[in-house]
Amino acid sequence: MALIEMKNITKDYYLGETVVHALRGIDLQIDKKEFVAIWGPSGSGKTTLLNLISAIDEPTTGELAIAGKDVRSLTDNQKSEHRNKTIGFVFQGFNLVPVLSALENVMLPLQIRGVSATEARTQALSRLEEVGLSDLIHNRPAKMSGGQQQRVSIARALVNNPSLVIADEPTANLDSETARMIIEIMRELNEKDEITFIFSTHDQRLLDKVKRSVLLEDGKIVNGAAYT
Amino acid sequence: MMKWLKLAFRNILRNRRRSFVTMVAIGVGFAAISLYYGYIHNVYNGLEIMAIRGEGLGNLRINRAGWQEKGKLEPEKYMFSGEDTQKIIKLVGEEKGVMLATPQIQVTGIVTNGKVSTVFIAQGVVPRDDRIIKGQWTQYFPVIGQRLSDDKRYGVEITKDLSKYLDLTPDKDGVVMAPTISGQMNALDIQINGVYDSGNDFSNDKFMRFNYYFAQSLLDTQSAERIVILLKKWEETEQMRTLLLKKLKAAGIGCEIRTWKELSMSFSKQKAFLDTMFMFIFSIVLVIVVMTTVNTMGMAILERTREIGTLRALGLKRKGVSVLFALEGAMLGFFGSLMGIVLHTCVWAIVKVYPPKYIPPGFSKPVSMYVDMVPLALVALLLSLVLLSMVAAIIPARRAARQNIVDALGHV
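Just so we're clear, the structure is a prediction, and the values are computed from it rather than from any experiment.

Enquirer: A description of the packing of helix α5 (residues 146–158) of chain A against helix α6 (residues 176–193) of chain A should follow, citing residues and the corresponding values.
Expert: All names here are of chain A. Orientation of α5 relative to α6, taken along the N-to-C sense of each, is 15°, at an axis distance of 10 Å. Between α5 and α6, the interaxial angle falls into the category roughly parallel. Remark: the crossing between α5 and α6 carries right-handed chirality. Across the interface between the two elements, G146, G147, Q150, R151, I154 and L158 from α5 touch T178, M181, I182, I185, M186 and L189 from α6.

Written as structure tokens, this is what we have:
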């Protein structure tokens, strides 16, 4: 069974009386353990597609199943639980909570789930060690570089042991060297922990590392709809 | 819950100046309410002492059943005979909570110095019992001259304005006239023992105090109009009324018992006025607290829209977002109230050392303004404001929780 299955997905936005067709009939299947890049020009629908896969938005029409679950049939609370347990997020702007330390930021998804502070701390420390930030666990985001913040963000995305990590342009705000390091970390985790990674990018360095890339143009998949 | 409390605490420290201003507004509001409450609490105590001791009402007053309705028309029928009076005093005196039970009688008539006459209202009291009822009241309103005496029955006390009007000062003689119980006029010589201040402008020109037995002679009766009871613990007034009503009924004495609150000329009206003022101030402060907290939380939510989107994406439910902001509101309320308690304590201490003086409406002389420290009221107010701030924060927080996650994440 595919991890993600999309059939004839459309997504329209309404700007006043103008209708913007962000996605126009997407058919996409992504299996477990894949390392997939969604790429294409600005406005092609990359972020919209990721939003639908991550269950923070709903398609206008079509069928969407994640890990066998019909996302559209879930209540808001069920979607929240689904995101918490199944999906890890890595944002372009890192989106760390500024008043929390690196460790506390990574503990956050576990604590939202209701895991005890001791258990959450143990798991968060382990994930921070994996991304090479054991020395900076008590630093707040403001005291960290962009690369360090993004590594915290990756640790946070992984701390719940999700089956899927969604990353929206994870290297867009990073310099070349840091971007290369982030790509390596993601790639290693994909191979070692068998976590599915789906990310949007413009970054050719990242595209060179993926096994599968999906090209979007004007809300349609031009290339890579199926795994080859 | 601790993690969310910690997060809420750090969030209110994000914009320290704004949080501080909000807490100051809550603190000043808290102090305004608590100080006014402390003031009226002190006033109520003062009015209670004035009614029970100053007006001489005691805690409870026993009259024969029907006195309230028909006592003035047929006084003899609705008074207690000498025998009944002794029986009631004995039965009431058996109760451990009773400090004193004493007979009294009221006389209305004319007093004259031989040249000028005017009306008076006098209470006939047993002098030694009256001294117990008055207690420390006479320290605040001392009698000039001699007080009533058990031995010198014709010696009376007269209020200061009546004394001035008739030029009846201590040791001077006069005459009082009043209708007896059977309706004939009677007149007796008096000598002024002392002049006193009733504490009230309205009664200072007509009140007198007689020896109980002198008043009975003037009215030509052996009966008592009422039995006044002073309790050891004033807060037991209502329970004692219920108990005594049962006991006296069982003894075959038909009576009605009223509390000092029901009898006092001024307590209920003044309390109603001050309570209304309190509710007015309380309402204004509540509006200020709610508006300030809603504004502060609204700003915080606007600034943290993206963060709310992130938390929702990570799996925090809508209720969780509301709880987080509600906790922040509650913390603002809590720390603001703590500031209020500090402010209250400072003002309380200053007023205690340097009490301002003022003349309340109807009073005959200035009184000191004090503010009581009522810990239970402070705690109740703190909890109220914490709850109110929490509710005020939930209003914008619910709106934040219902935001579309994609829009929130895209907020700049």
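Enquirer: For helix α9 (residues 237–250) of chain B, give the residues involved together with the corresponding values.
Expert: All names here are of chain B. End to end, α9 covers 20 Å across 14 residues, agreeing with the expected 20 Å (1.5 Å per residue, within 8%). Restricting attention to buried positions, one finds in α9 the residues M240, L244 and L248. Each buried residue of α9 sits inside an arc of 55° when the element is viewed along its axis, so together they form one side. More than 90 degrees from the buried face of α9, the exposed residues found are E238, Q239, T242, K246, K249 and A250. A positive phi of about 85° marks G252, the residue just after α9.

Enquirer: Can you break down the sheet that holds strand β2 (residues 18–30) of chain A residue by residue, with the values?
Expert: All names here are of chain A. Read across the open sheet, the 4 strands follow the order β2-β1-β4-β5; overall the sheet is antiparallel. Of all strands in the sheet, those with a lone pairing partner are β2 and β5 (69–70), marking the two edges. Inspection of the sheet shows strand β1 (residues 4–15) paired to strand β4 (residues 61–66) by 5 bridges, in the antiparallel sense. Residue pairing across strands places M6 opposite L64, the latter belonging to β4.

Enquirer: Can you explain the pairing of strand β6 (residues 87–90) of chain A? Please cite residues and give values.
Expert: Across a regular strand the side chains alternate sides, sitting on one face of the sheet and then on the other. All names here are of chain A. Because side chains alternate across β6, one face comprises the buried residues I87 and F89, and the other comprises G88 and V90, equally buried. Taken together, the 4 bridges between β6 and strand β7 (residues 164–168) define a ladder with parallel strand orientation. Note that in β7 the partner of I87 across the bridge is L164.

Enquirer: So what's going on with the confidence of the model for chain B? Residues and values would help.
Expert: On average, residues of chain B score 91 in pLDDT, and 100% of them are at 70 or above. Predicted complex, confidence summary: ipTM 0.91, pTM 0.79.

Enquirer: Can you explain the domain arrangement of chain B? Please cite residues and give values.
Expert: Residues and elements named next belong to chain B. Domain boundaries assigned for chain B yield domain 1 (2–50 + 268–409) and domain 2 (56–263). One C-alpha centre belongs to domain 1, the other to domain 2; they are set 49 Å apart. Each partner contributes to the interface: domain 1 provides 7 residues, whereas domain 2 provides 8 residues. Partitioned by chemical class, the residues of the side of domain 1 that touches domain 2 number 3 nonpolar, 3 polar and 1 charged.

Analysis parameters
Residues numbered from 1 in each chain as written. Chains lettered and ligands numbered in written order. Predicted model: local features only at pLDDT ≥ 70, side-chain atom pairs only at ≥ 80, totals over all residues. Axes fitted to C-alpha atoms, helices over the stretch in contact; angles between N-to-C directions. Helix = DSSP H or I, 4+ residues; strand = E, 2+ residues; numbered from the N terminus. Parallel < 35°, antiparallel > 145°, perpendicular 65-115°, else oblique. Left-handed = near helix turned anticlockwise from the far one by under 90°. Contact = placed C-beta atoms within 7 Å. Expected span 1.5 Å × (residues − 1). Buried ≥ 20, exposed ≤ 12 C-beta atoms within 10 Å, placed from the backbone. Arc of directions from axis to C-beta. Pairing = 2+ DSSP bridges. pLDDT = per-residue confidence, 0-100. Domains from an automatic or database assignment. Nonpolar A, V, L, I, M, F, W, Y, C, P; charged D, E, K, R; others polar.

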